[in-house]
Amino acid sequence: GKNNPTTNPDRMYVGGVYQPKSHPRHKPGNYKTWDHVAWDLPNEGQTAKDGSGEVYIITNPAYPAWVKVGLASESAEDRLRSYQTGDPFRSYQLDYSWRVGDCRAAEKAAHAILSAEYKRKNEWFRCGVEQARVLIEGTMEEYA
C-alpha cells in the first residue's frame, strides 16, 4: 500500500536502494540494476510471455576485441536503441540477430559455446564478431 514504504507503488528501488522521485531516471518499481531500469526489464528476466525473442550480437568500436551476446524479448533493434542511451557516441552496432522460440535457452546455449573458447565477462566475449557468429549460428537456427 501507499503507506508502506516497501510496497508503495510510486517508489523506486535499484539493487535494493531507494531512489528519490527527484532522480532524473526515476521510474516506479523495484529493479535489480540500472540496466533493468533502462530496458524496462522485469526482474525474473526479459522474455516475452511465450519465451520467444531474439538472440543478438552487438559490438562497439570502443571495445574492439569484444562482442556482446544477449537476448531481447521484443527486437534486437529495440535493445540496441536502449544501449545507445548509455553511449554519447551512439556507436553500438547490431551485427547479427536470430529470432528464436526460447530465447533464454538459446542465449544460454550461445554463452556456453562461446565460454568454452573465449574469455568471458558477463555477456561479453573476447572474440571477433565473425568468430562468434560462426560458432553460434547453427545452434541459433536449431532454436528458431
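Each value, and the rule that gives it
Residues numbered from 1 in each chain as written. Predicted model: local features only at pLDDT ≥ 70, side-chain atom pairs only at ≥ 80, totals over all residues. Heavy atoms only, no water. Helix = DSSP H or I, 4+ residues; strand = E, 2+ residues; numbered from the N terminus. Contact = heavy atoms within 4.5 Å. Areas by Shrake-Rupley, 256 points an atom, 1.4 Å probe, with all protein chains shown as cover. Phe/Tyr/Trp six-rings, centres within 6.5 Å; stacked < 30°, edge-to-face > 60°. Buried < 20%, exposed > 50% of the residue type's maximum accessible area, 1.4 Å probe, protein only.

Draft legend 1. Representation of the overall build of the chain within the structure. Secondary structure summary: the chain contains four helices and eight strands in total. For the chain, long-range pairs separated by at least 24 residues make up 53% of all intrachain contacts whose partners lie at least 6 apart in sequence. By element, 51% of the accessible surface of the chain is carried by carbon and sulfur atoms, the whole surface being about 8300 Å².

Draft legend 2. Just the packing of aromatic side chains, in detail. By the definition in use, this model includes three aromatic pairs. Between Y83 and Y92 the ring centres are 4.9 Å apart and the planes differ by 40 degrees, which places this aromatic pair in the tilted class. Each of the two residues, Y83 as well as Y92, counts as buried. Judged by centre distance (6.2 Å) and plane angle (20 degrees), the ring pair of Y96 and W98 falls under stacked.

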